[in-house]
Amino acid sequence: MKSDTLNTTAYRIYCILVWLSEQSLSVEELNDRFVAEPMIRRKLSDDTIWLYMNTLKELGCNISRPVPTNGFRYQLISHPFGVAYTKDDVQTMVQVKRFAEDNLTFLEILTLDRFFKKLLHTSSSLDKDRLIQDLFKNARSQDYHEYAEMIDMLSQAVSEHKLLQITYESPVKGDTQFYFLPEALCYEKGMLYVQGNQENRPDRVLLRVDRILDWQETNRPDITEPLLHAQTRREDVVVKFFQITLHDFLGLDLGEHLVDYSPTQDANREESIEAVFKTNDFFGLKQKILESATPFEVQKPSAFREEMELTLVEMKKLYA
């Protein structure tokens, strides 16, 4: 029920401020919202809306006029209400994002991103668009706002074991198309990945979500069944780490079983650790081994040892 004490003019102006803080709007779009607003329920004339815009400008708002270059929409450039965030504030948000990567799920991280963008976008900062850009640039992360539909699709495909035909922008091969059975979504170092199994590849792969150009569900049991079997298969991987003891080794958090070989146990051996992993995530294991910054040798399986040797050769070329 509408309150008798409500100043309807002030309320309409307030609504315009709130709506424009979210996105730029045309007169028609503003009127659609006025009609849907329970406290208003009617359209306003162009002159009335123009008068309300001038009132907001008198209060210190910078609002651009509707012109062809902005799609004939009113755009709120800045306003004097609320907090004016600085680069130091953005850097604090960057630190929170980095903490979140180690402690939150990918959905919680994306929600946090939307929250920070909302804070900056609705602030009274004059350079809020630049602050939003700095947030993701300084955190070395991707803004996944425009990928919401794809993320929902991938999440559903994971839960229902749906086979996808994907067109992917590979940094090495260019645009490629292949069948892919997604297994999980994961967030690593500012990027969202979908992990799963690709046809004709024995090990699990990670695809960057922002590099997926197109996708469609497909019904191919002859492809789906082998990929499902590959996802359930686990293989023993044995890696030896040198010049370190069990006491100093931080572990890779992959459920590894460790055996410590130190001079006190065996005089014929140097200090080393043997780690046994039971996994099919060879890509993730490779990343963890390289991040450990500890001398190592893959003892088995031979295919993974050859892959690691090739990776190290390519890295040496890159840094040389």
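Refer to the structure printed above.
Residues numbered from 1 in each chain as written. Predicted model: local features only at pLDDT ≥ 70, side-chain atom pairs only at ≥ 80, totals over all residues. Heavy atoms only, no water.

1. Remarks on the overall build of the chain
The number of helices and strands found in the chain is ten helices and eleven strands. When the backbone C-alpha atoms are referred to their principal axes, the chain occupies close to 90 × 50 × 45 Å. Burial status across the chain gives 41% buried among its 320 residues. Contacts spanning at least 24 positions in sequence make up 57% of the contacts within the chain whose residues lie at least 6 apart. Within the structure as shown, the chain displays about 19000 Å² of accessible surface, and the carbon and sulfur contribution to it stands at 50%. If you average the places of the 38 positive and of the 51 negative side-chain charges in the chain, the two averages end up 4 Å apart. (Helix = DSSP H or I, 4+ residues; strand = E, 2+ residues; numbered from the N terminus. Buried < 20%, exposed > 50% of the residue type's maximum accessible area, 1.4 Å probe, protein only. Contact = heavy atoms within 4.5 Å. Areas by Shrake-Rupley, 256 points an atom, 1.4 Å probe, with all protein chains shown as cover. Lys, Arg positive; Asp, Glu negative; His and termini not counted. Charge placed at Lys NZ, Arg CZ, Asp CG, Glu CD.)

2. Section: the sheet that holds strand β7 (residues 212–217)
One open sheet holds the five strands; their spatial order is β6-β5-β4-β3-β7, and the pairing between them is antiparallel. A single partner strand is all that each edge strand has here, and the edge strands are β6 (205–208) and β7. Across the sheet, the mean angle separating the axes of adjacent strands is 50 degrees when strand polarity is ignored. Strand direction decides the pairing type here: strand β3 (residues 164–170) and β7, joined by five bridges, are antiparallel. Residue pairing for β7: Y168 is matched across the bridge by I212. Strands β4 (174–188) and β5 (191–198) of the sheet are contacted by helix α8 (residues 221–232), whose axis makes an angle of about 40 degrees with β4. (Pairing = 2+ DSSP bridges. Axes fitted to C-alpha atoms, helices over the stretch in contact; angles between N-to-C directions.)

3. Notes on the side chain of S78
Mapped onto the secondary structure, S78 falls in strand β2 (residues 75–78). With a relative accessible area of 8%, S78 lands in the buried category. Setting aside anything within four residues of it in sequence, one finds S78 in contact with G60, C61, N62, L126 and K128.

4. Let's talk about the side chain of S26
In this fold, S26 is placed in the loop between α1 (8–22) and α2 (27–36). What makes S26 buried here is its relative accessible area of 8%.

5. What about the nonpolar core?
In this structure, Y144, L154 and V209 are the most contacted members of the largest nonpolar core, which totals 40 residues. Elements that contribute at least two residues to this core include exactly α4 (87–103), α5 (106–121), α6 (128–138), α7 (148–160), β3, β4, β5 and β6. Ranked by residue count, the leading element in this core is α5, at six residues. When near neighbours in sequence (up to four residues on either side) are disregarded, Y144 contacts L110, I151, Y187, G190, M191, L192, V209 and D210. (Core = buried A, V, L, I, M, F, W, Y, C linked by side-chain atoms within 4.5 Å.)

6. Overview of a negative patch on the surface
Among the surface-exposed residues, E28, D32, D46 and D47 lie close enough to one another that they form a single negatively charged patch. Broken down by secondary-structure element, the contributors of at least two residues to the negative patch are α2 and α3 (46–58). Along the chain, D46 falls in helix α3. (Patch = residues over 30% accessible without salt bridge, like charges linked within 9 Å, V, L, I, M, F, W, Y side chains within 5 Å. Salt bridge = Lys/Arg side-chain N within 4 Å of Asp/Glu carboxyl O.)

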